[in-house]
Amino acid sequence: MTIFSFWIFDRHCNCIYSREWTQVLNPATESSGTINAKANEDNAKLLFGVLFSLRNIARKVGDTPEQENTLNSFATAKYRAHFYESPSGLRLCILSDLETQNLQTQLRDVYSNIYVEHIVKNPLSPVDFKPGSKITNQRFIRLVDRYLGPQ
Amino acid sequence: MSYYLALIGTTDNPIYEAEMGTYRQGGDGVPKFSAEMKELNPFIVHAAIDIVEDVQWRSNSLYLKAVDEFYGYYISAFVTPGNIKFLLLHETKNDESIRQFFNDVNDLYVKTVLNPFYNVNDPITSAVFDLKVKQLGKKYL
Amino acid sequence: MNKGIKASSDDIWKNRVDKVNAELFTLTYGSVVAQLVRDFKNDYQKVNQQLEKMGYNIGIRLVEDFLAKTGTGRCQSFKDTAEVVSKVGFKVFLNVTPQVTNWTSDGKTFSLILDENPLAEFVELPDDERAKKELWYSNVLTGVLKGALEMVQLEVDVNFVSDVLRGDDRTELRLQLIRFLKDEMPAGED
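Residues numbered from 1 in each chain as written. Chains lettered and ligands numbered in written order. Predicted model: local features only at pLDDT ≥ 70, side-chain atom pairs only at ≥ 80, totals over all residues. Heavy atoms only, no water.

By the naming in an unreviewed UniProt entry, chain C goes by Trafficking protein particle complex subunit BET3 and is assigned to Cyberlindnera jadinii. UniProt lists a comment for chain C under the heading Sequence similarities (unreviewed entry), and it reads "Belongs to the TRAPP small subunits family. BET3 subfamily." (UniProt positions renumbered as here; feature names shortened; annotations may be inferred.)

Under an unreviewed UniProt entry, the name given to chain B is Sedlin, and the source organism is Cyberlindnera jadinii.

Have a look at this one:
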């Protein structure tokens, strides 16, 4: 299971975290890739647009009073995007290779154990990120790398 | 037999005072101090404070039994870990029941201190505290 | 469904919640309120407002922790929300289960009756005449509920109706749904 990148969008539709992993020959010694790169801004907007529209479609078509219809994942020729949205409006997205079918548990785990523990419970980190500011909390970045990054 | 209870704070200020009569042996619970005794009670109790401060360092326990005597009236004392002194003026010696009485008054005092609006050494004005102390007096004295 | 909620919230309380000494919690909250009263020089209305503000800041973060622990999805109706708040929310954070009562006919307002309030153990309001009429000791709860529900797109108005500390026979909170908040659109779209 290879994970290419990981994105977080907040309830105000801003990208607050983006992490890309590049392929390295020797993953044991280093993991590389970009964190919150500027060049990814446009990609982030495009990705968010797709996720947002698909999520709205899921809600409009297929929504029943008993259970809401949510977007799980979509696939292109080269990658599959997995999506999780918390009821509080936080949107997490992972781009992985095509073989991985379901990353919902991993997304939920990142949300409950890493995001909530280190960003929400940290009183010094803002609840509402200003447009343009990103998550720079070192512990968060390390834990996400350890959890999702190449092992 | 009548009883006079005083709680004294850390700066020798009175926090709470109560007069009680005994319910034992057909007593009606009304304190029977004569008029002169009524005036003298606080003085007797305050005179005992010095003795209490002396005795408290010699004993391991919080209850100090009878520390002073004044013409037939005994003064028993109890010191809390926060140095608040409970003093009881009484006529008959009754160590065990007075010990239990003081322990229960201590419980009530701790609950008062847990109130965030109560500062230590403030006078205790709560009617609930008063009522409960009187009930304890009825139970033990 | 109700038995399921109760069982799962009991289970979460037992296993997944870090516990702290109750007296420490009560004394901490008590000293916060007492200090606010001193700082605002007994202006109880300002103390109430400040407690609500503090509660709001707590609520907006608390709700994410709540969602992470319980994994609940969106509620389908305001009635569901009421049940989840009382049976899971209060249980997981305060280990009390208030009762949900007094629904209005349009289903937009309800009351929560708290049988026990861990914030107010051993508390007696000060004896000046205004405290008993103006101070809502547990007002932080109104802010917490307001903030938490706002993060899940529900704008509610929360108020205390009666409080045991004031001499009433029960502690009652009234929640009124004002409106559903719409999802935000990305900038530049309709």
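Next comes the rest of the account.
**As for the sheet that holds strand E2 (residues 109-114) of chain C**
Residue and element names in this part refer to chain C. In space, the four strands of this open sheet follow the order E1-E2-E4-E3, with antiparallel pairing throughout. Looking at the sheet topology across the chains shown, the edges are occupied by strand E1 (99-101) and strand E3 (154-162). On average, each strand axis in the sheet is tilted by 25 degrees relative to the strand beside it, whichever way the strands run. Bridging between E2 and strand E4 (residues 171-180) involves six bridges; their strand directions are antiparallel. Within the sheet, the bridge partner assigned to Ser-111 lies in E4 and is Arg-174. (Pairing = 2+ DSSP bridges. Helix = DSSP H or I, 4+ residues; strand = E, 2+ residues; numbered from the N terminus. Axes fitted to C-alpha atoms, helices over the stretch in contact; angles between N-to-C directions.)

**A closer look at the sheet that holds strand E3 (residues 73-75) of chain A**
Residues and elements named next belong to chain A. The strand order across the open sheet formed by five strands is E2-E1-E5-E4-E3, and the pairing between neighbours is antiparallel. For this open sheet the edge positions go to strand E2 (15-20) and E3, each flanked by a neighbour on one side alone. Geometrically, the sheet is characterised by an average inter-axis angle of 15 degrees between neighbouring strands, direction not taken into account. Its contacts with the sheet put helix H1 (residues 40-60) on strand E1 (3-9), E2, E3, strand E4 (80-85) and strand E5 (91-96), and the angle it makes with E1 is roughly 75 degrees. (Contact = heavy atoms within 4.5 Å.)

**A word on the pairing of E5(A)**
All names here are of chain A. Within E5, six of the six residues are buried, leaving the element largely enclosed by the surrounding structure. Burial along E5 is two-sided: Arg-91, Cys-93 and Leu-95 and Leu-92, Ile-94 and Ser-96, pointing in opposite directions, are all buried. Inspection of the sheet shows E4 paired to E5 by six bridges, in the antiparallel sense. When the sheet's bridge partners are listed, Phe-83 is paired in E5 with Cys-93. (Buried < 20%, exposed > 50% of the residue type's maximum accessible area, 1.4 Å probe, protein only.)

**Concerning the packing of helix H4 (residues 78-94) of chain C against helix H6 (residues 140-151) of chain C**
Two numbers describe a pair of packed helices, the interaxial angle and the distance between the axes. All names here are of chain C. The N-to-C vectors of H4 and H6 enclose an angle of 120 degrees; their axes lie 13 Å apart at closest approach. The angle between H4 and H6 falls in the class oblique. The chirality of how H4 crosses H6 is right-handed. Touching Thr-81, Val-85, Phe-90 and Leu-94 of H4 are Leu-141, Leu-145 and Leu-149, all from H6. In terms of residue class, the contact of H4 with H6 is built from six nonpolar, one polar and no charged. (Parallel < 35°, antiparallel > 145°, perpendicular 65-115°, else oblique. Left-handed = near helix turned anticlockwise from the far one by under 90°. Nonpolar A, V, L, I, M, F, W, Y, C, P; charged D, E, K, R; others polar.)

**Considering the pairing of strand E3 (residues 63-70) of chain B**
All names here are of chain B. Bridge count for E3 against strand E4 (residues 73-79) is five bridges, and the pairing is antiparallel. Bridge assignment links Asp-68 to a residue of E4, and that residue is Ile-75. In textbook terms, the turn of a hairpin is the stretch between consecutive antiparallel strands, and for E3 and E4 this stretch comprises two residues, one of which, Tyr-71, has a positive phi near 45 degrees.

**With respect to H6(C)**
Residue and element names in this part refer to chain C. Taking 1.5 Å of rise per residue, the twelve residues of H6 would be expected to cover 16 Å, and the 17 Å separating its terminal C-alpha atoms lies within 8% of that figure. With respect to burial, H6 is a largely interior element, ten of its twelve residues being buried. What H6 keeps buried is the set Val-140, Leu-141, Thr-142, Gly-143, Val-144, Leu-145, Gly-147, Ala-148, Leu-149 and Met-151. Buried residues along H6 sit against helix H2 (22-39), helix H3 (44-70), H4, E2, E3 and E4. Directly beyond the C-terminal end of H6, a positive phi value near 70 degrees is found at Gln-153. (Expected span 1.5 Å × (residues − 1).)

**Side note on the environment of A:Ile114**
Within the secondary structure layout, A:Ile114 lies in helix H2 (residues 104-120). Considering only alpha carbons, one finds A:Ile114 and A:Tyr147, 33 residues apart in sequence, at a separation of 9.3 Å.

**So, the interface of chain A and chain C**
Contacts between the two partners involve 26 residues from chain A, matched on the other side by 19 residues from chain C. Interface area lost by chain A to chain C is led by A:Arg11, A:Pro87 and A:Val127, which between them contribute 30%. Connecting chain A to chain C are one salt bridge. Across the pair C:Asp65 and A:Lys121 runs a salt bridge, and its minimum N-O distance is 3.3 Å. Here chain A is connected to chain C by seven residue pairs in polar contact (both at pLDDT 80 or more). Mapped by element, the contributors of at least two residues to the side of chain A that touches chain C are H1 and H2 of chain A. The element that contributes the greatest number of residues to the side of chain A that touches chain C is H2(A), accounting for six residues. For the side of chain A that touches chain C, the residue count by class is 13 nonpolar, seven polar and six charged. (Buried area = accessible area lost by both parts, 1.4 Å probe. Salt bridge = Lys/Arg side-chain N within 4 Å of Asp/Glu carboxyl O. Polar contact = N/O pair within 3.5 Å; in protein donor to acceptor, adjacent residues only side chain to side chain.)

**Focus: the pattern of salt bridges**
Residues and elements named next belong to chain A. According to the stated counting rule, one finds 17 salt bridges over all chains in the structure shown. Between Glu-41 and Lys-134 there is a salt bridge, with the nearest N and O atoms lying 2.9 Å from each other. Here Glu-41 is found in helix H1, whereas its partner Lys-134 is found in the loop between H2 and helix H3 (138-148), with 93 residues between them in sequence. Among the residues examined, Glu-41 registers a relative accessible area of 27% and is labelled partly exposed. Overall, Lys-134 belongs to the buried group, its relative accessible area being 19%.

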